[in-house]
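Examination of the molecular architecture
Here's the letter readout for the chains.
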Amino acid sequence: MFRIARREEIEFYEAEELAALDFVTHAFCTRLGGVSEGPFASLNTGFLVGDREGDVRRNLERIGRAFAIPPGQMVLMGQVHGDRICVIDGEGTPPELIPQCDGMITARSNVALGIRTADCMPLLFVDPVRRIAGVAHAGWRGTALGIAAKMVKTFEQHFSSRRADLWVAVGPAIGSCCYQVDAPVRDAFADRHDAEAFLQACSEAGRWMLDLGMANRLQLLEAGIPPGNILVCGQCTACRQELFFSHRGERGCTGRLLNFLMLRDGSRPKNA
Ligand SMILES: [Zn+2]
């Protein structure tokens, strides 16, 4: 179950099941609580959307303070709607930005993994047994490329995670109510046997309504995640523009929401 919460100025959604874990901090931030103005009001975290760089930095600092993210320990991605997943290991200060990357996984504590979205789907992955955190950015391209399933595989191969242990929280994204797509998008899912479950023909010829949440849920189930471990926010970013940035809803001129996940310092798991 998701709920809305507040820390200092920041209003955000969280999954109760992840919030109950004492070794992670996570949030799906709304657009509320920042300093940006105009179409970027107010908690914009995108540097490349036309907002003032200083305002974006102040917004990221506010989020860092509110959630006790150590300075310099937030890693963002240069997201390209691909399926490349980076493992963040090693020591010392992590990179501020990983170019051409749409997924990250780490076992490091106090490193916040951030995803920036405006309609695309943010996915947070937690292995509570081995204490591993991962995030992925899934728009239609990433979803069609199978990035959610690839995340599960990377947890397994790189960290020996058991699929049945993983939790996945699916944050606010554009809903099937508002996500009309054309033939090239439908064709990207042509090899999915279950595409009729998430692509519905609509009254307009050559158009379909895409349910990104359902597409990712089916992908995660097929990848072996137990149904009860998939937590879905269900808020539509285009329907609720007072709370969220929506690329579709605001015709391209808008900010980027920050969604993040961080493992906290603390006792290591007893059984790892
Ligand atoms: Zn909607």
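Each remark here, short or long, concerns the structure printed above.
**Considerations on the coordination of the zinc ion**
Taken together, Cys 177 (SG), Cys 178 (SG), Cys 236 (SG) and Cys 239 (SG) make up the full set of protein donors to the zinc ion, lying 2.3 Å away. Here the donor residues of the zinc ion share one chain and are spaced in sequence as C-C-x57-C-x2-C. Placement of Cys 177 in the loop between strand E11 (167-170) and strand E12 (180-181) and of Cys 239 in the loop between strand E15 (230-232) and strand E16 (257-263) is noted, with a sequence separation of 62 residues between them. Residue classification places Cys 239 among the partly exposed residues on the basis of a relative accessible area of 48%.

**Brief notes about the sheet that holds strand E6 (residues 97-98)**
Two strands in a sheet stick together by hydrogen bonds in their backbones, pointing the same way (parallel) or opposite ways (antiparallel). Ordered in space as E1-E2-E3-E16-E8-E4-E6, the seven strands form an open sheet in which the pairing is mixed. The strands lining the two open edges of the sheet, one partner per strand, are strand E1 (2-7) and E6. As judged from the two bridges shared by strand E4 (residues 74-77) and strand E8 (residues 112-117), these two strands associate in the parallel manner. Paired with Met 74 across the two strands is Ala 112, which belongs to E8.

**Some remarks on the side chain of Asp 119**
Along the chain, Asp 119 falls in the loop between E8 and strand E9 (121-127). Buried and without a salt bridge, Asp 119 has Arg 248 as its closest oppositely charged side chain, separated by 5.7 Å. At a separation of 2.8 Å, a polar atom in the side chain of Asp 119 contacts the side chain of Thr 237. Within the local environment of Asp 119, its side chain forms a polar contact with the side chain of Ser 246, the two groups lying 2.8 Å apart. In contact with Asp 119, not counting residues within four places along its chain, are Ala 173, Ile 174, Leu 212, Thr 237, Ala 238, Phe 245, Ser 246, His 247, Arg 248 and Gly 249.

**Structural notes on the sheet that holds strand E14 (residues 208-210)**
With antiparallel pairing, the three strands of this open sheet are ordered in space as E12-E14-E13. The strands lining the two open edges of the sheet, one partner per strand, are E12 and strand E13 (199-201). In this structure, E12 lies alongside E14, joined through two bridges in antiparallel fashion. Paired with Val 181 across the bridge in E14 is Trp 208.

**Notes on the packing of aromatic side chains**
Under the counting rule described, the total for this entry stands at six aromatic pairs. Ring centres of Phe 12 and Phe 67 lie 4.9 Å apart, and the angle between their planes is 75 degrees; this geometry places the pair in the edge-to-face category. A residue pair is termed long-range when its members are at least 10 positions apart, and Phe 12 in strand E2 (residues 10-15) and Phe 67 in the loop between helix H2 (53-66) and E4 qualify at 55 residues. Taken together through their ring pairs, the aromatic side chains of Phe 12, Phe 67 and Phe 260 make up a single cluster. The aromatic ring of Phe 23 is capped on one face by Arg 131, whose charged end is 4.0 Å from the ring centroid.

What counts and how
- Residues numbered from 1 in each chain as written.
- Predicted model: local features only at pLDDT ≥ 70, side-chain atom pairs only at ≥ 80, totals over all residues.
- Heavy atoms only, no water.
- Donors = N, O, S within 2.8 Å, 3.2 Å for Na, K, Ca; no water.
- Helix = DSSP H or I, 4+ residues; strand = E, 2+ residues; numbered from the N terminus.
- Buried < 20%, exposed > 50% of the residue type's maximum accessible area, 1.4 Å probe, protein only.
- Pairing = 2+ DSSP bridges.
- Lys, Arg positive; Asp, Glu negative; His and termini not counted.
- Salt bridge = Lys/Arg side-chain N within 4 Å of Asp/Glu carboxyl O.
- Polar contact = N/O pair within 3.5 Å; in protein donor to acceptor, adjacent residues only side chain to side chain.
- Contact = heavy atoms within 4.5 Å.
- Phe/Tyr/Trp six-rings, centres within 6.5 Å; stacked < 30°, edge-to-face > 60°.
- Lys NZ or Arg CZ within 6 Å of the ring centre and 35° of its normal.

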